[in-house]
Amino acid sequence: MSDLQARVAPINRLARRLAAAMGVSWFLGVAWIVLYYVDPTLPILMDLGNWNLLAGFGLFLLGVAFALALLVTLIVRSARRH
């Protein structure tokens, strides 16, 4: 393994993990909001009331934060290759 591959390999793993976390956060955020609108009488959802929207959008925004971290990681990776 060359020196460049040794430096870039951890960043590739981090990028994959960030992408997975981003997708999961977006999915959970949308699923939370959809569940709230489909059946607001579920035990946890009923207790939160309209705060469910904040929880769903919070998860979605967490996914946006992961996307920004992924973007920075990819920029750093491309800078190290040159």
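Preceding this paragraph is the structure being described.
Residues numbered from 1 in each chain as written. Predicted model: local features only at pLDDT ≥ 70, side-chain atom pairs only at ≥ 80, totals over all residues. Heavy atoms only, no water.

## Some points on the overall build of the chain
Going by this rule: In this text, helices come from DSSP runs of H or I with a minimum length of four residues, and strands from runs of E with a minimum of two, each type numbered from the N-terminal end. Each residue is assigned to one of three classes by its accessible area relative to the maximum for its type, calculated with a 1.4 Å probe on protein chains only: buried under 20%, partly exposed between the two thresholds, exposed over 50%. Residues are treated as being in contact if the distance between any of their heavy atoms lies within 4.5 Å. Only the protein chains shown count as covering a residue, and every accessible area follows the Shrake-Rupley method with a 1.4 Å probe.
In terms of helices and strands, the chain carries three helices and zero strands. Tracing the chain from N to C terminus, the helices and strands come up as α-α-α. Across the 82 residues in the chain, those meeting the buried criterion constitute 18%. In the chain, the share of contacts with a sequence separation of at least 24, taken over all contacts with a separation of at least 6, comes to 71%. For the chain, the exposed surface amounts to about 5800 Å²; the carbon and sulfur share of it is 74%.

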